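# Analysis of the macromolecular model
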Amino acid sequence: MDTSKKMAAGITGFASMLWLGLTAAVAANQRRLVFNPTLEREVQHPRSSGHRTRPVVLRAKDGTRLCGWLMTPTIPGPRPAVLYFGGRSEEVSWVVRDAGKLFPNMTVLAMNYRGYGESQGIPAEIHMIEDGCLLFDWLATRGQVDARRIAVVGRSLGSGVAVQVAKERPAHSVVLITPYDSILAIAKRRFRVMPIEYMLRHRFESIKHAPALKAPTYVLRAASDDVVPHANTDLLVAKLGRLVADDTVPDSDHMNIPYLDATQDMIAGFLTRQFSQPLDAATAAAADQKAEAPATVLTEEPVIAAASAVPITVSVTPPAANTPILPSPDLPEKASA
């Protein structure tokens, strides 16, 4: 074999080893590529100006403790409610601060995923969906909640959670902020040379569940989005069962979109209009059937007990050599109202 052939064979062998090594690294670290838990609160002392605010600690079916906040309107009587699901790097205390503007006169439940904030455990798609369904059930049992009028709102990664929860539960309305067709599709775009479809377990394939959604759905896009391309959102929108509107927020990007006044006004307006409409027969029947059926509901614990416990912190920040599937720059600060 001449020198040039030996060099070509050597380069091919090295490239093959490198490809196998990178593939193995992606397979072993996929949780780090999909999730990026933020442990520190974005707002140290969260309080909603338009709600009574209280921290809640709920125990999931497997005993994992989930921490977050329940916000109740000052107006008495059963009110419409919102269940919020955050993004890949999002700690949800900011939702409490902005709830008065985002969700006026609505009960709001914002809980951190497993491994995020003060919630225990390790994030995984299967747990996010299971916990999300149980959170919906728990919220529906609150005396101040109209169980037939519960909306789910999901941002970025959380849009995939919201879609699946809305499919499994009688959601009244759905709001998806910078949603995608699937994490698998985005991963395949970022890791073109790897057999990512055989490795990725946390796929969040919203496009498969979208046709089954019966709830009116509102999509909000960022004007400039380098995380979820509009093409991925287009594919999801084309499959949604009941798309009401698909809007782009001016001067927004993937990271600042939920904090903008324009975004918050659009979400508040959509939900207020939806909640003010008479219930259709299908929505009312589904909610009533769910209310009558026995359900596994999260157990609430005294917050003081959780405060004395040491949260499980999960170090899942991607190493520098890895490329996250959904990038996570620092979240912008927003001044308290």
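About the criteria used
- Residues numbered from 1 in each chain as written.
- Predicted model: local features only at pLDDT ≥ 70, side-chain atom pairs only at ≥ 80, totals over all residues.
- Heavy atoms only, no water.
- Helix = DSSP H or I, 4+ residues; strand = E, 2+ residues; numbered from the N terminus.
- Salt bridge = Lys/Arg side-chain N within 4 Å of Asp/Glu carboxyl O.
- Buried < 20%, exposed > 50% of the residue type's maximum accessible area, 1.4 Å probe, protein only.
- Axes fitted to C-alpha atoms, helices over the stretch in contact; angles between N-to-C directions.
- Parallel < 35°, antiparallel > 145°, perpendicular 65-115°, else oblique.
- Contact = heavy atoms within 4.5 Å.
- Nonpolar A, V, L, I, M, F, W, Y, C, P; charged D, E, K, R; others polar.

### A short note on unusual backbone geometry
Its identity is not glycine, yet Ser156 carries a phi of approximately 55 degrees, on the positive side. Positionally, Ser156 belongs in the loop between strand E5 (145-155) and helix H5 (157-168).

### Concerning the pattern of salt bridges
Considering all chains together, one arrives at 13 salt bridges under this definition. We note a salt bridge from Arg41 to Glu118, for which the minimum N-O separation is 3.2 Å. Placement of Arg41 in the loop between helix H2 (30-34) and strand E1 (51-59) and of Glu118 in the loop between strand E4 (107-111) and helix H4 (125-140) is noted, with a sequence separation of 77 residues between them. Of the residues examined, Arg41 reaches a relative accessible area of 24% and is grouped as partly exposed. Arg148 is the partner of Asp146 in a salt bridge, and the nearest nitrogen-oxygen pair spans 3.7 Å. Taken together, the shared-partner salt bridges connect Asp62, Arg114 and Asp131 into one network.

### Describing the packing of helix H3 (residues 93-102) against helix H9 (residues 261-276)
One can describe the packing of H3 onto H9 by two numbers: an axis separation of 9 Å at closest approach and a directional angle of 60 degrees. Looking at the two axes, H3 sits oblique to H9. Within the contact between the two elements, H3 uses Trp94, Asp98, Lys101 and Leu102 and H9 uses Asp261, Gln264, Asp265, Ile267 and Ala268. Of the residues in the contact of H3 with H9, the class split is four nonpolar, one polar and four charged.

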